[in-house]
Amino acid sequence: MRYAFTCIALLFFSLITAQTDLRFWHLSNINGLSGTSVKTIIQDQKGFIWIGTEFGLNRYDAKNIISFKYDANDSSTISDNVIKRIVEDKTGVLWIVTDGGLCSFNTSTQKFFRYPLFEKNEKLKSINDIFIDSKNNFWIATDETGWGKMDILNK
């Protein structure tokens with residue numbers, strides 16, 4: 001009986017492990033990734049993979065990579081190329097924390113909007129992280145103030 005149980009268990013586990021076929025794709029600057037040091041990564045509601053590196057924001061659709069870069073002469077670009085964190089709110093807007101501050105990205109218009117939080121609050125020197133809770137409240141982490149709820153949309 002013990003032998004039969006062991007054989008059945010081994011057969012069961014071999015079937016389970018045979019089902020898992022892991023495949024890895026390597027993305028690099030050869031494929032168009034803006035940098036090789038990935039700082040943050042998410043998958044949005046539409047299925048795109050967003051990759052934040054030290055040299056820009058990238059959107060990957062399983063075939064192509066599109067990079068978004070900071071341009072000092074264009075205020076509709078991302079606020080800096082060093083991407084720290086990417087989150088998505090309930091409406092599908094991406095919120096990106098960079099070394100240059102916080103910005104949102106409207107995936108429909110393909111435009112960024114920069115939030116001048118540093119000018120509004122002189123205590124803030126940099127934002128390290130952002131979290132959006134189930135009630136669409138924005139929580140910001142900084143070295144200066146720690147974690148705090150912030151009304152970003154009215155700033």
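As a reminder, the structure under discussion sits directly above these lines.
What comes next is a walk through the structure. (Residues numbered from 1 in each chain as written. Predicted model: local features only at pLDDT ≥ 70, side-chain atom pairs only at ≥ 80, totals over all residues. Heavy atoms only, no water.)

1. Points about the pairing of strand β7 (residues 101-106)
Okay, step 1: The element β7 is extensively covered by neighbouring structure, given that five of its six residues are classed as buried.
Okay, step 2: As paired elements, strand β6 (residues 94-98) and β7 share five bridges and run antiparallel to each other. When the bridges of β7 are listed, W95 appears paired with S104.
Okay, step 3: Following β6, the chain reverses through two residues before pairing antiparallel with β7.
Okay, step 4: Here β7 runs beside strand β8 (residues 111-115); their pairing, made up of five bridges, is antiparallel. Paired with N106 across the bridge in β8 is K111.
Okay, step 5: Hairpin connection, β7 to β8: the antiparallel pair is bridged by four residues, and Q110 has positive phi, about 60°. (Buried < 20%, exposed > 50% of the residue type's maximum accessible area, 1.4 Å probe, protein only. Helix = DSSP H or I, 4+ residues; strand = E, 2+ residues; numbered from the N terminus. Pairing = 2+ DSSP bridges.)

Spatial relationships are all this shows, so hold off on functional conclusions.
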